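# Analysis of the macromolecular model
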Amino acid sequence: LIIPIVEYPKSLFNVKNMPLFSILAKKGFKDSRFSWWKKSFSIMISHPFGGGYDEYVAPGIKLTHNVWLDMGKDLGILPFVLFSMLTMVHGYYLIRIFFSKHIENILKYQLLMLGMGIFAIMLIEPVFNSDKTFFAYIFFYLGILARVYSDMIKVKLDH
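Thresholds applied
- Residues numbered from 1 in each chain as written.
- Predicted model: local features only at pLDDT ≥ 70, side-chain atom pairs only at ≥ 80, totals over all residues.
- Heavy atoms only, no water.
- Core = buried A, V, L, I, M, F, W, Y, C linked by side-chain atoms within 4.5 Å.
- Buried < 20%, exposed > 50% of the residue type's maximum accessible area, 1.4 Å probe, protein only.
- Helix = DSSP H or I, 4+ residues; strand = E, 2+ residues; numbered from the N terminus.
- Contact = heavy atoms within 4.5 Å.
- Patch = residues over 30% accessible without salt bridge, like charges linked within 9 Å, V, L, I, M, F, W, Y side chains within 5 Å.
- Areas by Shrake-Rupley, 256 points an atom, 1.4 Å probe, with all protein chains shown as cover.
- Salt bridge = Lys/Arg side-chain N within 4 Å of Asp/Glu carboxyl O.
- Axes fitted to C-alpha atoms, helices over the stretch in contact; angles between N-to-C directions.
- Parallel < 35°, antiparallel > 145°, perpendicular 65-115°, else oblique.
- Left-handed = near helix turned anticlockwise from the far one by under 90°.
- Nonpolar A, V, L, I, M, F, W, Y, C, P; charged D, E, K, R; others polar.

It is worth spelling out the nonpolar core at this point. The biggest cluster of nonpolar side chains holds 29 residues, and the ones touching the most others in it are Ile 97, Leu 111, Met 122, Ile 138, Tyr 141 and Leu 145. Examining the composition of this core, we find that eight residues originate from one element, helix α6 (residues 132-158), more than from any other. Those residues in contact with Ile 138 that lie beyond four places of it in its chain are Ile 118, Met 122 and Val 127.

Glancing now at the environment of Tyr 109. Note that Tyr 109 resides in helix α5 (residues 105-124). On the accessibility criterion, Tyr 109 (17% relative accessible area) is buried. C-alpha separation for the pair Tyr 109 and Phe 98, spaced eleven residues apart in sequence, amounts to 7.7 Å.

Time to look at a nonpolar patch on the surface. Side chains of Leu 78, Val 81, Leu 82, Met 85 and Met 88 sit close together on the surface and give an oily, nonpolar patch of about 500 Å² of accessible area. Relative to the helices and strands, Val 81 resides in helix α4 (residues 77-98). Since its relative accessible area comes to 34%, Val 81 is described here as partly exposed.

The contact between α4 and α6 brings their axes to 9 Å, and the two run at 45 degrees. Overall, the two elements α4 and α6 adopt an arrangement that is oblique. Crossing handedness for the pair α4 and α6: left-handed. Contacts between α4 and α6 involve Phe 83, Leu 86, His 90, Tyr 92, Tyr 93, Leu 94, Arg 96 and Ile 97 on the former and, on the latter, Phe 135, Phe 139, Tyr 141, Leu 142, Leu 145, Ala 146, Val 148, Tyr 149, Met 152, Ile 153 and Lys 156. Residues that form the contact of α4 with α6 fall into these classes: 16 nonpolar, one polar and two charged.

Looking now at unusual backbone geometry. In the Ramachandran plot, His 65 falls in the positive-phi region, its phi being about 60 degrees despite a non-glycine side chain. Relative to the helices and strands, His 65 is located in the loop between α2 (32-46) and α3 (67-75).

Further remarks concern the packing of α4 against α5. Between α4 and α5, the least distance of the axes is 10 Å, while the angle of their chain directions is 155 degrees. Viewed along their axes, α4 and α5 adopt a mutual orientation that is roughly antiparallel. Relative to α5, α4 is oriented so that their crossing is left-handed. In this structure, α4 uses Phe 83, Leu 94, Ile 97 and Phe 98 to contact α5, whose residues at the interface are Lys 108, Tyr 109, Leu 111, Leu 112 and Met 122. Looking at the contact of α4 with α5, its residues break down into eight nonpolar, no polar and one charged.

Below, the structure written as structure tokens:
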């Protein structure tokens, strides 16, 4: 994603040089984190109205390190579905903003990189049990996306 911003030697840009892809190629979905996610989902189903916060997803581990699944496990199916929908709506906004002709490229890349960082942290960190300000940052970012999308729609309607 940074290729359009800075010039990157094409010979170095291949999947083998990227740690994430090499880890996925070696372990695939056999990483222990994915089993935590599966266990968390089953806990959420068995506690549809919440209350799974004392359940372990692995020996000594209560948190799945996935915001959506931790929310579903601890609070129930409805908060899981609502937060998932909120995330998808704002993901749609980000995609529409990124492909818009009415938004400056630098803003597009900034929003995309922030979104990728936030999404990655939401997949690997127990946001609710760590730094509470990060949760505020998530909603601040979602508010920015909604505002830029709203302004983009107004510009399109005015033309």
